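Each chain is listed here by its residues.
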Amino acid sequence: MSLNLYQKLSQQYQQQEIEAEARQHREYDADFAQWAKGCGVIRHTAATQLQVFELATALQEGGLIADKAECYRKLTALDVLTNQAMWLVVHMTYSKHVFLDGRDLDADDFKRDPQGHTGGSLNMVPAYAALLAVNSLTGQHRDWLMGQGHCVAAIDALQLLSGTAFPERKRAYPLTDAGLSDFVQDFYNYRVRPDGKPLSPLGSHVNVHTKGARIEGGYLGFAGLQYVHQPLPGERLVAFLSDGAFEEQRGSDWAARWWRAEDSGLVSPIMIANGRRIDQRTTVAQQGGSEWFMEHLSNQGFAPFVIDGRDPAAFVCAVYFMEQHLSHAAETVASGAARYPVPLPYCIAETIKGYGFPGAGTNAAHGLPLGSNPRRDNEALTFFRRGAKALWQAEADWRGAVALLQQPKVPMPPVAVTITRHDPHWLKDPLSPMAAIDGYFTDLVEVNPHLRVRVGNPDELRSNRMNQTLDLLKHRVTEPEQGVAEAVDGCVITALNEEAVVSACLANQSGLNMVVSYEAFATKMLGALRQTIIFARHQKEADDPAPWLGVPVISTSHVWENGKNEQSHQDPSLAESLLGEMADMARVVFPADGNSAMACIKACYGDLGTVWNLVVPKSTVPAFMDAKQALTLVQDGAICLRGNCAADLQLVACGAYQLQQALKASDRLKEKGVAHSLVYLLEPGRFRVPRDEYEAAVQADPKVLDALFPARVQYRVFLSHTRPEVLLGHARMLDLGPKRTVALGYVNQGGTLDTDGLLFANRCTWADAVAALARLSGAAPQDWLSAQEWAAIRGEGDPYDVIRHPYPQMQ
């Protein structure tokens, strides 16, 4: 089967012909007629009835069901379950008591402060219920992804009623009046446990206690960027999207460009088009609704079609036919009769926000559709009773429906993704650290052929010294350009959209990933990264740690290398923001050279369920560390490169260019006979005051802390890649206080400058470090600096007495 039926229904048939054909099926088949009657608030249009007849025919011909009646009986059961789940959803929002006999609730049965995203959740019930039904009809499991995570009540309600929830949830909330009353009371329950964690496992958004969840869905739009990159061949994924989220993140309309049957499973994107955001209509609705959106999608390589989003059977048909269409398209490409991109099916489920309950279609439907609390308002109470009565199903009926919709066995996921990580080819000579990563990464790709590879590239992969990677893996395109590293099956996802390319890697949780970006523009990835980091942390706390390989997000062409591109390109904000996340999940590291960069990559891929932000120079730098030092640096988080750490004075560098300045400062101190030590700080987050036991587990060993940063150090000067206050705040264990510590770094000064010019503009040259140590220790800076150098850093002399001239031939 294909999507031709939808085109036929929308273009060729007149409504009278559709009605007539549907009537014939009802008259001919009693089981079909029974289903076609509908149930509760579910009604089946004539068009949906024809879709269901075609579905039953296809399933029977495919040997998936014994006869069409089996299909119709399961779809009848689906109607019953959908109504009952909608009934439970509205109770989750409003009530604190549930009575399975459907009696009218009294005012005292309602919550004092009802909360919920009721309208969207009601719209999601038919969609997710349909997923259960199509699984049952085909005997095949499907994963799911939901972009509108605030609609989680729909999935939690359905999983509980259908018995597909986690065992611990089923034990906590048995399907009795008391069990379901506990369930609704725990929804939006703000109480905390003694350890500060939420008392209730039910969240306002998708969380790790919802079975099958992969993302929270609180950051709208990212599911639309990720779904096409998630399933492996042989897997099936249904992605629930929203028309409101469509305008949140650009890039979802490129999905058809990325899908390849050879390395991707079947995807079924479904937009719940209810036409409303919180306060007003969506942009799609304002632009012209589904008709405009279909034209837009068609221009982007999709095969869009519209269904009745109020009817769960319409969703069942859509998922089945989308998979059939995509499978057939892949076979056509394999035979040579077609080529990529194939038209990617895309379902638009038209509905009314909050359909099936009073207040549907209003702005209020987003949260509390009744507009008032039934506990205090008699009119709201009347509307709730009326709405609930229309949805309620007898317990024997919905339990029978659940039994009929028996689910196939869910495949057991791997405990962890496995990778072979050999040692890199260690460097002795100067090289770009990015080039070192490039060589090591291509080696890892070649020795791990079982892993699907995704490289996220907003642009300029070659400029960022990833030449071998690009030549081996190539940009994924639909029409390769001759002489350019492009291929239809390329593994480099390139688009001038940081959110889209990082999402390709975050979704590829069964594979090997790397993201490379200009540091300044990588900041745009923060929302997507944070959503992944938070979810993985919650998995760890639930004793079910994420199994995916660590994801390296490389920030290069960074602050100190991008002076030529003005201050917009000089921004360390991503590293600064990620330092604020939990240090066991967001590993922010500043490799100083090629060896330390490769050591970080090796460690990253062995650190499951984490994101590593590597801030890496692309310019050639010396090999400051040998293999042993590089591995020690990654293990300990810092290393002493010069001097005795018991000396009174200490220089601490964090960042490759900061190390270069620190070494120059150290040279001057040595020349002046000043005892000191120089420590390189790779990972500031491991020297913070830990905020919980998980973060404490990754903190630097106390022996390392005592050895590198002993209490007898009297004065300490930091040279930081980031803004100095950020480093001091996070590496709090190393701050001796304002009278004994100075931090130098980026202070928001810049322009069209070279690296030395940027260092000078931000007052963090080697000379500034020497002067700072002198002031702290009570010495006169002029004792350690020449008069010209001292004048230069005070803004009264020639800058090029302390930094290199950009045009030495003109000096």
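Remember, it's a predicted structure, so these values are computed and weren't measured experimentally.

Visitor: Can you lay out helix α20 (residues 498-507) for me, pointing to particular residues and giving the numbers?
Guide: Since there are 3.6 residues in each turn of an α-helix, residues three or four apart along the chain are aligned in direction. For α20, the buried fraction is high: 10 of the 10 residues fall into the buried class. Every buried residue of α20 is listed here: E498, E499, A500, V501, V502, S503, A504, C505, L506 and A507. Of the surrounding secondary structure, the elements contacted by the buried residues of α20 are α10 (222-226), β6 (453-457), β9 (492-494), β10 (512-518), α21 (519-522) and α22 (526-541). For α20, the N-terminal cap is N497; the gap from its side-chain oxygen to the backbone nitrogen of E499 is 3.2 Å.

Visitor: Can you explain the pattern of salt bridges? Please cite residues and give values.
Guide: Taken as a whole, this structure holds 34 salt bridges when the rule is applied. Here D156 ties to R169 by a salt bridge, and the two come within 2.9 Å at their closest N and O atoms. Of this pair, D156 sits in helix α7 (residues 152-162) while R169 is found in helix α8 (residues 167-172), placing the two residues 13 residues apart along the sequence. Using a relative accessible area of 1% as the deciding quantity, one classes D156 as buried. Between D667 and R642 there is a salt bridge, and its shortest N-O distance comes to 2.7 Å. Taken together, the residues D667 in helix α26 (residues 656-671) and R642 in strand β14 (residues 638-643) connect sequence positions 25 residues apart. If you follow the salt bridges from partner to partner, you end up with K197, R537, K540, E541, D584 and D692 in one network.

Visitor: Tell me about the packing of aromatic side chains, residues and numbers included.
Guide: Evaluation of the coordinates by the stated rule reveals 18 aromatic pairs. Taken together, a centroid distance of 6.1 Å and an interplanar angle of 5 degrees make the contact between Y518 and F521 stacked. Accessibility expressed as a relative area gives 29% for F521, which makes it partly exposed. Each residue in the set Y94, F110, F357 and F384 is aromatic and connected to the rest through ring pairs, giving one cluster. Lying over the aromatic face of Y355, R310 brings its terminal NZ or CZ to 5.7 Å of the ring centre. Over the face of the ring belonging to F760 we find R763, whose NZ or CZ atom lies 4.8 Å from the ring centre.

Parameters and conventions
Residues numbered from 1 in each chain as written. Predicted model: local features only at pLDDT ≥ 70, side-chain atom pairs only at ≥ 80, totals over all residues. Heavy atoms only, no water. Buried < 20%, exposed > 50% of the residue type's maximum accessible area, 1.4 Å probe, protein only. Helix = DSSP H or I, 4+ residues; strand = E, 2+ residues; numbered from the N terminus. Contact = heavy atoms within 4.5 Å. Polar contact = N/O pair within 3.5 Å; in protein donor to acceptor, adjacent residues only side chain to side chain. Salt bridge = Lys/Arg side-chain N within 4 Å of Asp/Glu carboxyl O. Phe/Tyr/Trp six-rings, centres within 6.5 Å; stacked < 30°, edge-to-face > 60°. Lys NZ or Arg CZ within 6 Å of the ring centre and 35° of its normal.

This is a description of form; function is not addressed.
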